[in-house]
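A closer look at the structure
For reference, the chains in residue letters:
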Amino acid sequence: MSLIEDLQWRYATKKMNGNTVPQEKLDYILEAARLAPSSSGLQPYQVFVISNKALQEKIKTVAWDQSQIIDASHVLVFAAWDGYTEEKIKSVFDKTLDERGLPHETMDDYRKNIWGLYEPLGQAWQAQHAAKQAYISFGLAIAAAAEQKVDATPMEGFLPPKVDELLELDKLGLKSALILALGYRDEENDWLVNMKKVRTAKEDFVTELK
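My aim in this report is to walk through the structure given alongside it, one point at a time. (Residues numbered from 1 in each chain as written. Predicted model: local features only at pLDDT ≥ 70, side-chain atom pairs only at ≥ 80, totals over all residues. Heavy atoms only, no water.)

Side note on the overall build of the protein chain
Formally: Secondary structure elements are defined from DSSP: runs of H or I of at least 4 residues count as helices, runs of E of at least 2 residues count as strands, and each element is numbered from the N terminus. Here the term buried applies to any residue with accessible area under 20% of the maximum for its type, exposed to any over 50%, and partly exposed to those in between, with areas from a 1.4 Å probe on protein chains only. Note on contacts: a residue pair qualifies if any of its non-hydrogen atoms lie within 4.5 Å across the two residues. Per-residue and other accessible areas follow the Shrake-Rupley method at a 1.4 Å probe size, with only the shown protein chains counted as cover for residues. Working convention for charge: Lys and Arg count positive, Asp and Glu count negative, and His plus the chain ends are omitted. For this purpose, a charge sits on NZ of Lys, CZ of Arg, CG of Asp or CD of Glu.
Each helix and strand counted, the protein chain has nine helices and four strands in total. Going from the N terminus to the C terminus, the protein chain shows its helices and strands as α-α-β-α-α-β-α-α-α-β-α-β-α. Seen along its three principal axes, the alpha-carbon backbone of the protein chain occupies a region of about 60 × 50 × 30 Å. The burial tally for the protein chain puts 42% of its 210 residues in the buried class. A fraction of 79% describes how many contacts in the protein chain between residues 6 or more apart in sequence connect residues 24 or more apart. When the accessible surface of the protein chain is split by element, carbon and sulfur atoms take 53% of a total near 12100 Å². In the protein chain, which carries 25 positive and 32 negative side-chain charges, the distance between the mean positions of the two groups comes to 3 Å.

With respect to the layout of surface pockets
The test is simple: Every definition here rests on a 1 Å grid over the protein atoms only: cavities are sets of points where a 1.4 Å probe fits but cannot get out, pockets are open sets enclosed by protein on both sides within 12 Å along at least five of seven lines, and lining residues have some atom within 4 Å of a point. Grid points are joined across faces, edges and corners, and a volume is the space filled by probe spheres set on the points.
Its boundaries defined by the atoms lining it, the largest pocket holds a volume of some 610 Å³. Around the largest pocket, the lining comprises 22 residues; the ones closest to its centre are Arg34, Gly41, Leu42, Gln43 and Lys95. Going through the elements one at a time, helix H2 (23-34), strand S1 (45-50) and helix H5 (86-99) are the ones with two or more residues in the lining of the largest pocket. Sorting elements by how many residues they give to the lining of the largest pocket places H5 first, with seven residues.

Concerning the pattern of salt bridges
To be explicit about the condition: Salt bridges are defined as contacts in which a side-chain nitrogen from Lys or Arg sits within 4 Å of a carboxyl oxygen from Asp or Glu.
A full pass over the atoms with the stated rule returns 11 salt bridges. One salt bridge connects Asp82 with Lys88, and the closest N-O pair in it is separated by 3.8 Å. In this structure, Glu208 and Lys210 form a salt bridge, with 3.8 Å as the shortest nitrogen-oxygen distance. Just as Glu208 is exposed, Lys210 falls in that class too. Bridged by salt links that share partners, the residues Glu57, Lys60 and Asp65 form one connected network.

Quick look at the environment of Lys15
Considering the arrangement of structural elements, one finds Lys15 in the loop between helix H1 (3-9) and H2. The spatial distance from the C-alpha of Lys15 to the C-alpha of Glu57 is 15 Å, given a sequence separation of 42 residues. Excluding residues within four positions of it along the chain, Lys15 makes contact with Ser67, Gln68, Asp71, Tyr184, Arg185, Asp186, Asn189 and Asp190.

Brief notes about the packing of H2 against helix H7 (residues 122-147)
Heads up, the rule is: Note on definitions: angles span 0 to 180 degrees between N-to-C directions of axes, and those axes are lines fitted to C-alpha atoms, for helices only across the stretch in contact. If an angle is under 35 degrees, it is roughly parallel; if it is over 145, roughly antiparallel; if it lies from 65 to 115, roughly perpendicular; otherwise it is oblique. For any pair of crossing helices, the crossing counts as left-handed if the nearer helix is rotated counterclockwise from the farther one by less than a right angle, and right-handed if it is rotated clockwise. Gly is put with the polar residues, along with every residue not named as nonpolar or charged; the nonpolar set is Ala, Val, Leu, Ile, Met, Phe, Trp, Tyr, Cys and Pro, and the charged set is Asp, Glu, Lys and Arg.
Direction vectors running N to C along H2 and H7 enclose 150 degrees, while the axes themselves pass 8 Å from each other. The angle between H2 and H7 falls in the class roughly antiparallel. Considering only the axes of H2 and H7, their crossing is right-handed. Seen from H2, the contacting residues are Tyr28, Ile29, Ala32 and Ala33; seen from H7, they are Ser137, Leu140, Ala141, Ala144, Ala145 and Glu147. Split into classes, the residues belonging to the contact of H2 with H7 amount to eight nonpolar, one polar and one charged.

As for the environment of Leu7
When you line up the elements, Leu7 lands in helix H1. With relative accessibility at 32%, the residue Leu7 sits in the partly exposed group. When the C-alpha positions of Leu7 and Leu97 are compared, they lie 36 Å apart, and in sequence the two are 90 residues distant. Discounting chain neighbours no more than four positions away, the residues touching Leu7 are Ala143 and Lys197.

Observations concerning the sheet that holds S1
Where we set the bar: When DSSP finds two or more bridges between a pair of strands, those strands are recorded as paired.
Spatially, the four strands line up as an open sheet ordered S1-S2-S4-S3, and their pairing is antiparallel. The outermost strands of the open sheet, each flanked by one partner alone, are S1 and strand S3 (151-155). Neighbour-to-neighbour, the strand axes of this sheet turn through a mean angle of 25 degrees, independent of strand direction. Note that strand S2 (residues 74-81) and strand S4 (residues 174-183) share eight bridges and pair antiparallel. Within the sheet, the bridge partner assigned to His74 lies in S4 and is Leu182.

So this is what it looks like as structure tokens:
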């Protein structure tokens, strides 16, 4: 199937059946998320993969009691940096340059320019910027799940501070940004499963400037 056909197939699953997503499909989805682009290649986020039912239940209680959290095979929590530091940026650049066999000073000017732009904007802006990068990875994970015929429910309906506390993200300098429940649709009990997919018409969505 084409990507467009895969995206036509997918929907935000409201009821999952509890079946397990095979490891090779999960790995494919996570690899797509890992390969996502990010601003300056910093990848200021991590993905936490949760299949522990007790922990899923705890997350469910701070996610508006949405059943997909506990019925999912795996729950992915996308957590972004709580801010940028010169040290964090340098660490990413140094690793990249090591991988490419280049001296660390190769990109000093660019790295310093980034920090010069980010530092004055403050930690709140930085955390939001990092979270926006996580959204890009999140989107590719959803597309990859559709390609693998794995149902995925994107969620912003949760209490980030509570999830941060459950996963002890503050110790890692992270804040939860998004949740993605992965599993398989319960076709008999999901009210949305046979509903027509509705999106903004192309002529209202796309504006061509020639």
